[in-house]
Every structure is written in C-alpha cells, then in structure tokens.
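Results of the structural survey
Here is what each chain is made of, one letter per residue.
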Amino acid sequence: MGMSVTISAATEQDAEQIFRLQYLCFQSEAALYGNYRIDPLVQTLDSVRKEVASDCVFVARLGDEVVGSVRGAVTDDGAASIGKLCVHPRLQGHGIGARLLRAAESALVEERGAKKFRLHTGHRSESNLSLYRRVGYQTVGTSKGADGVEMVVLEKPAGAYAATA
C-alpha cells in the first residue's frame, strides 16, 4: 500500500468525508436487513457536523482520505455510547476498526470519565459481533432500532479498554 493508516481525533473539516464514508459503509448493513432507512443512511450532513463538534469522534486516515470513523458520547449513567463504527470496504479486515474502537474508548475514559462502554449492532451483523466480542464486549440484551432493525446490545467495563485491538 505504501502508506500507513493513522488514527486521530476528527476535525470540523472531516465531517463531509465522514458523512460520505458512512453512507458507503452502511450500504451492506442496509442490504443485510433489506432496510435502506437505517440511521447511518438517513443521517444529515449537519447532524454529522454537530456530532463531530460535540462528541468524541475519531477517524482513520490513509494520506488525506478518511477511511474509517467512530463516535462516542457519555450518557447520564456514565456509560459511553459508541456508534457508527465504519471502515472503507477495501480496508476492512486489517484491524482498523479495532484501532478506532481503542482510540475512542481511551478518550472516553480519560477525557469524559466513562465508567463502561455500550454499543449495539444488528442481530445479523456477524462480522461486527465477532469484532466486538473479540475486543471484550459481551451481549447484555436486545433492542429494536427506530428503523425497526433488531439490535444486539453489548457492553464492557471501562477498565477493559486497554485490552482492545
């Protein structure tokens, strides 16, 4: 490849690339569920900009191109909600998703005081479930997304973040 993928905090200037990448990456999830109204596909660019400004957002870069992204925010109960983890399809399977998760988890503990991590993924999303379980997440329940997709809810204690990736 010739270049290394770097992980860094997202900036305002990254919002449009994150938006486009998210739209590309979540097409396969939408196809898996036969539902093209899932949240990552209907989110607006303005909403992504607001998340970049307020949440803990990290990107993976290959040169100037954003090739991965993840977001997190600490909820009222001290749990860090992590979401919209995505890696460009051509770069999946190389550990970039785990590196993004580790960066977000670390910042959420150190900068925002997270006590545990919580995320959710579709019940048919085997590769996502495999990654999350590999880095220490355990299933704690299920929920139904606003889009009607059955979701698996996973958590892990915040002290476990260093063990990811």
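What comes next is a walk through the structure. (Residues numbered from 1 in each chain as written. Predicted model: local features only at pLDDT ≥ 70, side-chain atom pairs only at ≥ 80, totals over all residues. Heavy atoms only, no water.)

Glancing now at the overall build of the chain. In terms of regular secondary structure, the chain is built from six helices and seven strands. Rg of the C-alpha trace for the chain: 15 Å, near the compact-globule value of 15 Å for 165 residues, within the 12% margin. Considered along the principal axes of its C-alpha atoms, the chain spans approximately 40 × 40 × 30 Å. Looking at the 165 residues of the chain, the share that counts as buried comes to 47%. Here the contacts in the chain between residues at least 6 apart in sequence split such that 63% fall between residues at least 24 apart. Where the 19 positive side-chain charges of the chain centre and where its 19 negative ones centre are 3 Å apart. (Helix = DSSP H or I, 4+ residues; strand = E, 2+ residues; numbered from the N terminus. Rg over C-alpha atoms; globule rule 2.2 N^0.38 Å. Buried < 20%, exposed > 50% of the residue type's maximum accessible area, 1.4 Å probe, protein only. Contact = heavy atoms within 4.5 Å. Lys, Arg positive; Asp, Glu negative; His and termini not counted. Charge placed at Lys NZ, Arg CZ, Asp CG, Glu CD.)

Within helix α6 (residues 126–134) the residues assigned to the buried category are Leu129, Leu131 and Tyr132. Angular distribution of buried residues about the axis of α6 spans 160°; they occupy a single face of the element. Along α6, exposed side chains directed more than 90 degrees from the buried face belong to Glu126, Ser127 and Arg134. Contacts from the buried residues of α6 go to β4 (79–87), α5 (96–110), β5 (116–122) and β7 (150–157). Note on α6: the residue one or two positions beyond its end, glycine 136, has a positive phi of about 105°. (Arc of directions from axis to C-beta.)

So, about α5. Taking 1.5 Å per residue, 15 residues should reach 21 Å; α5 reaches 21 Å between its end C-alpha atoms and fits that length. For α5, the buried fraction is high: eleven of the 15 residues fall into the buried class. (Expected span 1.5 Å × (residues − 1).)

With that settled, consider the pairing of strand β2 (residues 56–62). β2 sits mainly inside the fold: seven of its seven residues count as buried. Where burial is concerned, the two faces of β2 agree: the one with Cys56, Phe58, Ala60 and Leu62 and the one with Val57, Val59 and Arg61 are both buried. Relative to β2, strand β1 (residues 5–9) runs antiparallel, the two sharing five bridges. Residue pairing across strands places threonine 6 opposite arginine 61, the latter belonging to β2. Where β2 and strand β3 (residues 65–74) come together, seven bridges link them in antiparallel fashion. Along β3, the bridge assignment pairs alanine 60 with glycine 68. Counted along the chain from β2 to the antiparallel partner β3, the turn is two residues long, and its residue glycine 63 has a positive phi close to 65°. (Pairing = 2+ DSSP bridges.)

You can see glutamine 43 is positioned in the loop between α3 (39–42) and α4 (45–54). Judged by its relative accessible area of 8%, glutamine 43 falls in the buried class. A polar contact is formed between the side chain of glutamine 43 and the side chain of serine 47, at a distance of 3.0 Å. Only 3.2 Å separates the side chain of glutamine 43 from the side chain of arginine 71, close enough to count as a polar contact. Those residues in contact with glutamine 43, other than ones at most four positions away along the chain, are Phe19, Gln22, Val48, Glu51, Arg71 and Lys84. (Polar contact = N/O pair within 3.5 Å; in protein donor to acceptor, adjacent residues only side chain to side chain.)

For the pair helix α1 (residues 15–25) and α4, the least separation of the axes is 9 Å and the interaxial angle reads 120°. Judged on the interaxial angle alone, α4 and α1 are oblique. The hand of the α1/α4 crossing is right-handed. Two secondary-structure elements touch here, α1 through Ala15, Glu16, Ile18, Phe19 and Gln22 and α4 through Leu45, Val48, Arg49 and Val52. Its residues placed into classes, the contact of α1 with α4 shows six nonpolar, one polar and two charged. (Axes fitted to C-alpha atoms, helices over the stretch in contact; angles between N-to-C directions. Parallel < 35°, antiparallel > 145°, perpendicular 65-115°, else oblique. Left-handed = near helix turned anticlockwise from the far one by under 90°. Nonpolar A, V, L, I, M, F, W, Y, C, P; charged D, E, K, R; others polar.)

Purely geometric numbers; function is a separate question.
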